[in-house]
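Notes for the structure review
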Amino acid sequence: MSELLSNLALGFGVAFSPMNVLFCLLGALVGTLVGVLPGIGTVATIAMLLPITFGLPPVGALIMLAGIYYGAQYGGSTTSVLVNIPGEATSVITCLDGHQMARQGRAGAALAIAAIGSFFAGCVATVLVAALGAPLTSLALLFGPAEYFSLMVLGLIFAVVLAKGSVLKAIAMVLTGLLMSMVGSDLETGAGRMTFDIAELADGIGFTNIAMGVFGFAEIIRNLELPEESRDIVSAKVTGLMPTRKDLIDSSGAIARGTLLGSLLGILPGGGAVIASFAAYTFEKRIARDPSRFGKGAIEGVAAPESANNAAAQTAFIPLLTLGIPPNAVMALMVGAMTIHGIVPGPQVMTKQPELFWGMISSMWIGNLMLVVINLPLVGVWVSLLRVPYRLLFPSIIVFCCIGIYSINNSPTDVMISALFGVVGYWLIKHDFEAAPMLLGFVLGPLMEENLRRAMLIARGDATVFFTRPISGGLLAIAIMLLILAVLPMIRKRREEVFVE
Amino acid sequence: MAEDVQSSRNTPHVEEPLTDRLKGGIIITALSLVLVLATFYVSSPTVPRVMAILVAAVGVGVIAGWVPVRAPQDFYGGLALTLLSIFALVASAELPGQRGFAFGPGTAPRLFAILLATMGAAIALVGVLSDGARIEKYKVRGPALVIVGISLFAMLIRPFGLVLATYLAFMISIFGSKEMRWVESAIGAAVMTLGCVLLFVYLLNLPFQLWPQGNAFQLLFAQFADIFKNVFLILQKLVPGS
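Val 174, Cys 402 and Leu 439 of chain A together with Ile 150 and Phe 153 of chain B are the most contacted members of the largest nonpolar core, which totals 246 residues. It is helix H5 (residues 141-174) of chain B that provides the largest number of residues to this core, a total of 19 residues. Mapping this core onto the domain boundaries places at least three of its residues in each of domain 1 (5-129) and domain 2 (141-238) of chain B. The residues touching Phe 153 of chain B, leaving out its near neighbours within four places in the chain, are Val 399, Cys 402 and Val 415 of chain A together with Ala 165 and Ala 169 of chain B.

Quick look at the structure:
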């Protein structure tokens, strides 16, 4: 306990240095901005802004990127409530009750509850990351290659189960990602694999190029097809930012449950903020005494998902910082950011660079506090941004993405590759394939291959080793159970219901 | 004719129109035949060759109407992934595989490719056995202009500098939207270009070429030559006779 406190003290010492506070503020602001703007997601933004962090010290860079991530969860709720357009996938569900509240003149209360819920969730998640960091790191030391491999299999299965739509298709996407990650030089022998002797492919296909293509460009192409939505902005001045005592009492339970659910789903690989917000909303509706209130402006319907997505966004750092395994696409980009600064994510970060680890964790708490302070007064500014029409917004996003990709390696080829993946992403949308599992597969591919290779070598070619070693076997058993559950018709039906809502 | 309605017991299902069937079947057959040919140029071709021939047979079946495509979205999506994995098998056929219990560089790519091919086939099978969504129509204008804009940026950034590349990429991609307005776009592009120059060059000090270089056209042609060289390298491996 005292160790935890001293660690946190170290962290706050780092995070409270003026420069780092500034980076944190900057990250949170940019994140909120991105969260507010529909049509540009967190993954594309972080990929876009990677070059901006090149010149920064590593701690500052990571603090800023983390700020963007949880800031976006938060900004998304503002547009959901006021305009009924989710700025982020994570706040789709907040639209349901949040916008209804705004229509009833309770926009202020909805925004305030979202802010308070997010802040509470952020605080709990910060403590959780700090508390679980050390034990999980020591657990990581027990992990051999077989365990790492099984853990990654479990993560991919989670991504499959939590993806919407057909399980078969999600598995196929994971495999596509794995296969694409094999392009490039083999780590052990240096042989070029599927590179066709093209020099630009020798290092493999860049992760940022794929991410920008399928999440940035494809999304834009897709949006161009849809008719421009009429944005019904609640223009009346947002008043009564302080929630009433009744609001607070009504939502306190929902906030606590949302935080708990979000923290759990965030830690699990393949989970993440989107699924957390959906799960929290569904859960609230199920346990409510009068479920019919939901969708008509129930404050719990705002409090629970907003707390859950913030909690999940933060606890997602746990597997990355302790085991070195990115649980979702955003965390995969964080790996990229860390690698640029020469940090190898994994258990050794905490022991070798404690100021980085704890500084980042403490900055999350500061960032959440800032979000509450800066956001409520700035609501007007964010809303006015929404008046920029999409026809001007999308070319700006495109050129910004182009410059971002180009500046990572100063390579025009990278820009071309991401354009290609824009087309691929468009095709995936047309055939109802989800890109997220593919990206996770792509990120974990090289790690999985390496651990599979080593495990097989140590076991002298005996493939049963994955089942006979207790931890590894346990992880695989969970993975298989999950898969069976997901395929069972009854659960499948319920999953569909959740997504339809 | 194309709108034949077959009423099955639970849900009425619409037979795929003939033109769609021809289009889809021909594409599948053609692509798989190219892959069959490509297998003649690698050293261990049997597995991908058999797979490609099977897919080609399915394609012929679609054209002839023997394969009822009840969920085109799934069916073609699955087959495309299968073709992708056959392509990967061909591309990695020359890599040494397992030696004893040590993985070679080719082991993992082949493992993943075979698994993906199986999944793709399963998805396609689902598309034959159960009713499902049709493929939404592809739009051409929006996607094409956006992609042209991005590619133009890639080609221009080195020889012609950030200012021109940004401005032109903005102007071209904005044509992808039907609601484009000339004056507004020209001003928007200028503002965005200025903003990017200030942010990336002056604030962040990234090493960008701002204005066209003296030998800009020469550099542009050199880039095109590079692209052709790469296309040629791929063709050399896959297309017979080159």
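That covers the picture; the talk isn't over yet.
Looking now at the packing of helix H8 (residues 167-181) of chain A against helix H19 (residues 435-458) of chain A. Residue and element names in this part refer to chain A. As a packed pair, H8 and H19 sit with axes 7 Å apart at the nearest point and diverge in direction by 40 degrees. Overall, the two elements H8 and H19 adopt an arrangement that is oblique. Considering only the axes of H8 and H19, their crossing is right-handed. Packed against H8, whose contacting residues are Ala 170, Met 173, Val 174, Leu 175, Thr 176, Gly 177, Leu 178, Met 180 and Ser 181, the element H19 presents Pro 437, Met 438, Leu 439, Leu 440, Gly 441, Phe 442, Gly 445 and Pro 446 at the interface. Residues of the contact of H8 with H19, tallied by class, amount to 12 nonpolar, five polar and no charged.

So, about the domain arrangement of chain B. Domains assigned within chain B are domain 1 (5-129) and domain 2 (141-238). Computed from C-alpha atoms alone, the centre-to-centre distance between domain 1 of chain B and domain 2 of chain B is 36 Å.

What follows deals with the confidence of the model for chain B. All names here are of chain B. For chain B, mean pLDDT is 80; residues scoring 70 or higher make up 90% of the total. Overall, residues 1-13 carries pLDDT values under 50, and its contacts beyond four positions in sequence, including any with other chains, amount to 12 contacts. This complex was scored by the predictor with a pTM of 0.82 and an ipTM of 0.85.

It is worth spelling out the interface of chain A and chain B at this point. Every contact between the two is made by 54 residues of chain A and, on the other side, 63 residues of chain B. When contributions to the side of chain A that touches chain B are tallied by element, the ones reaching two or more residues are H8, helix H9 (207-225), helix H17 (390-409), helix H18 (412-430) and H19 of chain A. When residues of the side of chain A that touches chain B are assigned to their parent elements, the largest contribution, 11 residues, is made by H17 of chain A. For the side of chain A that touches chain B, the per-class residue count stands at 34 nonpolar, eight polar and 12 charged.

Next up on the list: the environment of Val 388 of chain A. Residues and elements named next belong to chain A. You can see Val 388 is positioned in the loop between helix H16 (354-385) and H17. Given 12 C-beta atoms within a 10 Å radius, Val 388 is considered exposed. For the pair Val 388 and Leu 37, spaced 351 residues apart in the sequence, the C-alpha separation amounts to 9.5 Å.

About the criteria used
- Residues numbered from 1 in each chain as written.
- Chains lettered and ligands numbered in written order.
- Predicted model: local features only at pLDDT ≥ 70, side-chain atom pairs only at ≥ 80, totals over all residues.
- Core = buried A, V, L, I, M, F, W, Y, C linked by C-beta atoms within 7 Å.
- Buried ≥ 20, exposed ≤ 12 C-beta atoms within 10 Å, placed from the backbone.
- Helix = DSSP H or I, 4+ residues; strand = E, 2+ residues; numbered from the N terminus.
- Domains from an automatic or database assignment.
- Contact = placed C-beta atoms within 7 Å.
- Axes fitted to C-alpha atoms, helices over the stretch in contact; angles between N-to-C directions.
- Parallel < 35°, antiparallel > 145°, perpendicular 65-115°, else oblique.
- Left-handed = near helix turned anticlockwise from the far one by under 90°.
- Nonpolar A, V, L, I, M, F, W, Y, C, P; charged D, E, K, R; others polar.
- pLDDT = per-residue confidence, 0-100.

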